[in-house]
Amino acid sequence: MVQTKKIALYMVVVFVLYTIITDPDRSADLVQIGFEGVASAAQGVGEFMSALIK
């Protein structure tokens, strides 16, 4: 089972590197979208916690 996880992880890493090398503009867009999603989620959690305190 551990060996399968290692192989899957290596495949994901190779795929990500391949994507970055072959189309860096698209990769940058995807990273930006990911960071915007994380920031939005953090803002939502902050608003929720603020609403609980009030």
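Residues numbered from 1 in each chain as written. Predicted model: local features only at pLDDT ≥ 70, side-chain atom pairs only at ≥ 80, totals over all residues. Heavy atoms only, no water.

Quick look at the side chain of Ser27 now. Mapping Ser27 onto the fold places it in helix α2 (residues 24–53). In this view, Ser27 contacts Thr19 and Ile20; residues no more than four positions away in its chain are not counted. (Helix = DSSP H or I, 4+ residues; strand = E, 2+ residues; numbered from the N terminus. Contact = heavy atoms within 4.5 Å.)

This paragraph deals with the environment of Ile21. When you line up the elements, Ile21 lands in helix α1 (residues 2–22). Judged by its relative accessible area of 68%, Ile21 is exposed. Considering only alpha carbons, one finds Ile21 and Ala42, 21 residues apart in sequence, at a separation of 30 Å. (Buried < 20%, exposed > 50% of the residue type's maximum accessible area, 1.4 Å probe, protein only.)

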